[in-house]
Each structure stands twice: as C-alpha cells, then as structure tokens.
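Observations on the three-dimensional arrangement
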Amino acid sequence: MTISITRRDSAALGGNGSILMRQRRDHARLDTMMNRWLAGGADDELDALWQDIVQLVFSHAFAEETVLWPLLRRAAPHGEELTGRVEEEHQAINDLVARVEKSPDDPRRAEWIQQAFSLIRQDIRDEEDELLPRLRDEFSDRRLRWIGAAWETVRATAPTRPHPGVPRRPPGNALRGVPLSVFDRLRDLAPVSGPVARRASSVALGAVGAAAVVFCVVRTIRRPGRH
Ligand SMILES: [Fe+2]
Ligand SMILES: [Fe+2]
C-alpha cells in the first residue's frame, strides 16, 4: 500500500537531506506563499510574491523532470504512467503561467493565477501521495540523500521561468532548458551588468555539468536495491 509522505516523520523519509524531505519543505513553502498571495495586499507586494512563486515552481519542477522522474521510470512499476501524469500537470502550469506573464494587463490575470495555484496544489498532492512514496519504496536512506543532493544541485541552476515549448523529458529539457536559465537568471538579477552576466553564464555552465552527471548516473541505474 502506498503511504503518503505528507505526515511521515523525517527519520522514516531518510533524514532532512533526503529528496523526500527537501521536496516536502519546498511544497510547504509554496503553499505558504500561495496563501499569502490569495490573502491579498498591495499590487507591488503581490507582484513580487508572484515572481518568487514562479521562480520556485519552475526551478523545482525542472529538477524533478531532470533527476527524479527518469529515476522513477527506471525503478518503479508503472513509473511511466505516474510520471506522465505529473509531466502533463507541469506542462499545463507552464502554459498558464506563460499566458499570465505575456498579458500583465489582462483582466483575467488574477483568475489565471488562481487556476495555476490549483494546478500546483494538484501536482503537490500527486507527488506526495503517489510518486514520492515510490521513491521511498525503491531506495535506501543513503540513496534518497544522494538523490536529494543531485536534485538540489540541478535546481540551483535551473530555469526560473515558464518555457512551454521546452520538452519535459531529458535530454531535450536540459539541451533546450539549461541555456534559457541564463536569460531567466539575468532577468531575476536585473539590472543587468557585466559581472552579473558572467555570474549567470557560470550558473548555466554549472547546470550543464550537474545535469550531465545526473544523466550518467540515471543511465547506469537499472533496478536499484535498498543499499
Ligand atoms: Fe515537487
Ligand atoms: Fe512537480
């Protein structure tokens, strides 16, 4: 029987550094930020909060698509079906947020943002109740911590904006998504200057390196044992 990771304690999930605890912390942060946005406030505060949500959602999801879902497809029964469902959710979130970003003055903007929040909450539920428990079943605590570190490395340099045209699976997502993270992070760090541009370039190069390492490891894992 699948047990949701939502209410399990840290020890049962491989410790604070495991991918399961890292995911849960991010999901809780997102939930808090979405609730704050929904509670309302000054326009500039809500805009800043929305940008923080966007950055967290897309870097988090890119690292899932790069590190977690390929592992799950290799390791778990029905991995293909399970990951296909969350990839569809990620695509729908990409489409919706891209629409919000392209139409800042559209009167339907708040409605679209709330739709995006519903999709994000659904994605979190599917991951905590269905996908992440499968990782718990298939991997040892040590492996879960290693996967957590790999996911965090990729996330730190992942794109931070919606890119609906980028494939949701490796290697296409990294080949097309990682170069875009340069531009995303330049926008995040505006105003742009020489040193910032260099920093963003090195950030993207780091992401390429991290993704390459992860692909190699994912490819070598057949069916992992609990060790
Ligand atoms: Fe997640
Ligand atoms: Fe997700």
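Residues numbered from 1 in each chain as written. Chains lettered and ligands numbered in written order. Predicted model: local features only at pLDDT ≥ 70, side-chain atom pairs only at ≥ 80, totals over all residues.

Where an unreviewed UniProt entry is consulted, the chain appears under the name Hemerythrin domain-containing protein, with the organism given as Streptomyces atrovirens.

1. Focus: the overall build of the chain
Note the following rule: Helix and strand labels come from DSSP, where a helix needs a run of H or I of at least four residues and a strand needs a run of E of at least two; each type is numbered from the N terminus. We call two residues in contact when their backbone-placed C-beta atoms lie within 7 Å.
For the chain, the count of helices and strands is 7 helices and 0 strands. Walking the chain from its N terminus toward its C terminus, one meets helices and strands in the order α-α-α-α-α-α-α. Here the contacts in the chain between residues at least 6 apart in sequence split such that 71% fall between residues at least 24 apart.

2. Quick look at the environment of S59
Definition in use: Three exposure classes are used. Buried residues have 20 or more other C-beta atoms within 10 Å of their own C-beta, exposed residues have 12 or fewer, and partly exposed residues fall in between, all C-beta atoms being placed from the backbone.
Following the sequence through the fold, S59 ends up in helix α2 (residues 43-75). A count of 23 C-beta atoms within 10 Å places S59 in the buried class. Sequence separation of S59 and R155 is 96 residues, and the distance between their C-alpha atoms is 5.2 Å. The residues contacting S59, other than those within four sequence positions of it, are R155, A158, P159 and T160.

3. Side note on helix α4 (residues 109-138)
Our working rule: Each helix should span, by expectation, one fewer than its residue count multiplied by 1.5 Å. Bend, at a single residue, is the angle you get between axes fitted to the 7 residues ending at that residue and the 7 residues starting at it.
With 30 residues, α4 extends 41 Å from end C-alpha to end C-alpha; this agrees with the ideal 44 Å at 1.5 Å per step. Largest kink in α4: about 45°, centred on E127. Within α4 the residues assigned to the buried category are A116, F117, I120, D123, E127, L131, L132, P133, L135 and E138. In this fold, the buried residues of α4 make contact with α1 (19-39), α2, α3 (79-102) and α5 (141-156).

4. A look at the nonpolar core
The nonpolar side chains of a soluble globular protein tend to be buried with one another. The cut-off we apply is this: Remark: nonpolar core denotes a set of buried Ala, Val, Leu, Ile, Met, Phe, Trp, Tyr and Cys residues whose joining runs through C-beta atoms within 7 Å.
Counting residues in hydrophobic clusters, the biggest one holds 38 residues, and the most contacted among them are L20, V57, V67, I147 and W151. Those elements that provide at least two residues to this core are α1, α2, α3, α4 and α5. At 12 residues, α2 tops the list of elements feeding residues into this core. Every residue in contact with L20, bar those within four places of it in the chain, is listed here: I5, L13, G14, L132, L135, R136 and L144.

5. Looking at the packing of α2 against helix α6 (residues 172-188)
Threshold: Interaxial angle, 0 to 180 degrees, is taken between N-to-C directions of lines fitted to C-alpha atoms, where a helix line uses only the stretch in contact. Each angle receives one of four descriptions, namely roughly parallel if under 35 degrees, roughly antiparallel if over 145, roughly perpendicular if within 65 to 115, and oblique otherwise. Whether a crossing is left-handed or right-handed is set by the direction in which the near helix is turned from the far one by less than a right angle, anticlockwise for left-handed and clockwise for right-handed.
Their axes nearest at 12 Å, the elements α2 and α6 cross at an angle of 160°. Between α2 and α6, the interaxial angle falls into the category roughly antiparallel. Here α2 and α6 pass one another in a crossing that is left-handed. Taken together, the residues of α6 that come into contact with α2 (itself represented by Q55, F62, E65 and T66) are N173, A174, G177 and D188.

6. Notes on the confidence of the model for the chain
How we decide: pLDDT is defined as a per-residue confidence score from the predictor, taking values between 0 and 100.
Summarising the model, the chain shows a mean pLDDT of 87, and 83% of its residues fall at 70 or more. Mean pLDDT values for the elements of the chain range from 57 in helix α7 (residues 194-220) up to 98 in α1.

7. Here's the deal with α3
Look at α3: 34 Å from first C-alpha to last across 24 residues, which is about the 34 Å you get at 1.5 Å a residue. Buried within α3 are the following residues: T83, V86, H90, I93, N94, L96, V97 and V100.

8. Some details on unusual backbone geometry
A cis amide bond links P170 to the next residue, P171, at an omega of 0°. By the element assignment, P171 lies in the loop between α5 and α6. Here H78, not a glycine, exhibits a phi torsion of approximately 65°, which is positive. Within the secondary structure, H78 sits in the loop between α2 and α3.

9. Points about the environment of E88
Turning to its location among the elements, E88 is positioned in helix α3. Look at E88 and you get exposed, because 12 C-beta atoms sit within 10 Å. Along the sequence, E88 and R168 sit 80 residues apart, while their C-alpha atoms lie 8.7 Å from each other.

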